[in-house]
Amino acid sequence: MEMSATSQPTRRARLILTYNGKDISTDIAPYVLSFSYTDNAHGKADDLQVKLEDREHLWKGDWFPEKGAKLVASLLCEAWDTPEDKPVIMACGTFTLDEIELSGPPDTVSIKAVSAAMTTSIRQQKKTKAWENASLKQVAQDIADSNGLQLKYDGKDFPFSRMDQRETSDLGFLQRMAEERGMNLKIADDTIVLMNAQGYDAKDTVRTITRGTQAIKSFRFKHKTQGVYGKGTKLAFHDPATKQTRSYGYDPKGAGADTNNINRRLDIYEDGNSIAAAETRGKNKHESEASLSLMGDPNLRATMTIELSGFKRFDATYAIETATHAFDRSSGYTTELKLRKVLGY
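Reading the values: rules and limits
Residues numbered from 1 in each chain as written. Predicted model: local features only at pLDDT ≥ 70, side-chain atom pairs only at ≥ 80, totals over all residues. Heavy atoms only, no water. Salt bridge = Lys/Arg side-chain N within 4 Å of Asp/Glu carboxyl O. Pairing = 2+ DSSP bridges. Helix = DSSP H or I, 4+ residues; strand = E, 2+ residues; numbered from the N terminus. Axes fitted to C-alpha atoms, helices over the stretch in contact; angles between N-to-C directions. Contact = heavy atoms within 4.5 Å. Buried < 20%, exposed > 50% of the residue type's maximum accessible area, 1.4 Å probe, protein only. Expected span 1.5 Å × (residues − 1). Polar contact = N/O pair within 3.5 Å; in protein donor to acceptor, adjacent residues only side chain to side chain. Phe/Tyr/Trp six-rings, centres within 6.5 Å; stacked < 30°, edge-to-face > 60°. Core = buried A, V, L, I, M, F, W, Y, C linked by side-chain atoms within 4.5 Å. Disulfide = S-S within 2.5 Å.

*Asks:* Let's hear about the pattern of salt bridges: which residues, and what values?
*Replies:* Opposite charge on two side chains makes pairing possible when the charged atoms of those side chains draw close. Enumeration over the complete set of coordinates arrives at 22 salt bridges. Several salt bridges share partner residues, and in doing so they unite R176, E180, R181, R264 and E270 into one network.

Set out below in structure tokens:
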């Protein structure tokens, strides 16, 4: 697929796609109507969507794709800033074909694929298992091993005396365990990635996007107060062994007036103050959000942080929660960003 951006005819963007190990980029190029790749920072699987015209009825016959087929996608951008620039290749990753839709008239076929690591087993099969004298990293490694995946762990580990997975999918269980301890979970290609959420926010910014000087097509900002706790979290745990109630807390010294009060059982190795801090971040991280539609930029990815300028009260550092890189024959290449303001704690 080759399409020129409407604003600069010299710019070209092409989809490079292999299907079960075979490069089909040239074969499908004349039929591609649109393409999108969604890169998520955590909590959701990356996905790939391709829409193709089917006037020749190829996709209803011999070209009908197999569900479960492996797709490897990359985006090749040429002459992106100047005609002399070297091509930029953005690797999207490896995906498993998940959904096929035929529609018409005019006849089209839409293909949706999800990150290859997001197998049916890890996201749907319910399991029961117990761990004793282990840690979050060990649980993550065991789940990775049982699903044929690698593990990348970046952050503090969290020991516990016992943890039970009860009739829950590996993905659902591990995601809950991670979020309760202030860790982000992402599954991409063949790897489970666990990273400290606060450290993710503290990354150096990769770009400053300024209103009036950047190719911003549209923007939206949202600031909310409901469900935001400026005074942080207070955690209470009634210990049945001692019959005493232990209290913990975390106060980010925000401007709000509300406190998030929770009751939660604590393992003997768990730090209640750390759990309260993670709970506070989880509640407050979506206080200020933004979305930007930009002229296509293959260098912007989820988990990066950027600086926004020229938006007055909304000028700040933002984390990229989702980056969607999309093509359309009529509008060319665009990048859609979903952002949240970093917390600073």
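After that view of the structure, there is still more to cover.
*Asks:* Pulling in residues and values, what's your account of the sheet that holds strand β12 (residues 183-188)?
*Replies:* Overall, mixed pairing links the 3 strands, which are arranged β10-β13-β12 in an open sheet. Of all the strands in the sheet, just β10 (150-154) and β12 have a single pairing partner and so form its edges. Mean inter-strand twist for the sheet, computed between neighbouring axes without regard to direction, equals 15°. Judged from the 6 bridges that link them, β12 and strand β13 (residues 191-196) form a sheet pairing that is antiparallel. Paired with L185 across the two strands is L194, which belongs to β13. Across the face of the sheet, helix α3 (residues 136-146) comes into contact with β10, β12 and β13 while running at roughly 160° to β10. Where helix α4 (residues 170-180) meets the sheet, its contacts fall on β12 and β13, and the angle it forms with β12 comes to roughly 145°.

*Asks:* Go over the pairing of strand β6 (residues 70-78) with me, naming the residues and quoting the values.
*Replies:* Consecutive residues of a regular strand have side chains that alternate between opposite faces of the sheet. Most of β6 is tucked away: 7 of the 9 residues are buried. Direction of pairing for strand β2 (residues 12-19) relative to β6: antiparallel, over a ladder of 8 bridges. Pairing of T18 across the sheet is with V72, part of β6. Where β6 lies against strand β7 (residues 88-103), 8 bridges are found, and the strand directions are antiparallel. Opposite K70, over in β7, you have T96 as the bridge partner.

*Asks:* An account of the sheet that holds strand β16 (residues 233-239) is requested, with residue identities and associated values reported.
*Replies:* Spatially, the 3 strands line up as an open sheet ordered β17-β16-β18, and their pairing is mixed. Strand pairing shows two members of the sheet lacking a second neighbour, β17 (244-250) and β18 (260-263), which therefore form its edges. Going from strand to strand, the sheet's axes swing by 20° on average, the running direction of each strand aside. Taken together, the 4 bridges between β16 and β18 define a ladder with parallel strand orientation. Each bridged residue has a counterpart across the sheet, and for A236 the counterpart in β18 is N263. Contacting β16, β17 and β18, helix α6 (residues 272-284) crosses the sheet at an angle of about 50° to β17.

*Asks:* Explain α6 to me, using residue names and the numbers behind them.
*Replies:* Here α6 is 13 residues long and its end C-alpha atoms lie 18 Å apart, about the 18 Å a rise of 1.5 Å per residue gives. Buried within α6 we find G272, I275, A276, A277, A278, T280, R281 and N284. Packed against the buried residues of α6 are α4, α5 (197-201), β16, β17 and β22 (332-341). Backbone nitrogen of N273 and a side-chain oxygen of the N-cap are separated by 3.1 Å at the start of α6; the cap is D271.

*Asks:* If you had to explain the packing of aromatic side chains to someone new, which residues and values would you point to?
*Replies:* We describe a pair of aromatic rings using the distance from one ring centre to the other and the angle between the two ring planes. Within this structure, the stated rule accounts for 12 aromatic pairs. Here Y31 and W63 contribute two aromatic rings whose centre-to-centre distance is 5.8 Å and whose plane-to-plane angle is 85°, an arrangement assigned as edge-to-face. With Y31 in the loop between α1 (25-28) and β4 (32-40) and W63 in the loop between β5 (47-53) and β6, the pair connects residues that are 32 residues apart, well separated along the chain. The partly exposed category is assigned to W63, whose relative accessible area is 31%. Clustering of aromatic rings is evident, with ring pairs tying together F219, F221, F311, F314 and Y318.

*Asks:* Before we move on, can you summarise the nonpolar core with the specific residues and values?
*Replies:* Among the nonpolar cores identified, the biggest contains 27 residues, and L17, F35, L48 and L52 are the most heavily contacted of them. Every element with two or more residues in this core is listed here: β2, β4, β5, β6, β7 and β8 (108-115). Among the nonpolar cores identified, the runner-up in size contains 26 residues, and M118, F158, L171 and L174 belong to it.

*Asks:* Kindly report on the side chain of T96, identifying the contributing residues and their values.
*Replies:* The residue T96 is located in strand β7 in this model. Note on T96: relative accessible area 18%, which makes it buried.

*Asks:* Quick one: what's the story with the state of the cysteines, residue by residue and with numbers?
*Replies:* Under the counting rule described, the total for this entry stands at 0 disulfides. Among the cysteines around C77, which has no disulfide bond, C92 carries the closest sulfur, lying 9.5 Å off. Its relative accessible area of 0% is what places C77 among the buried residues.

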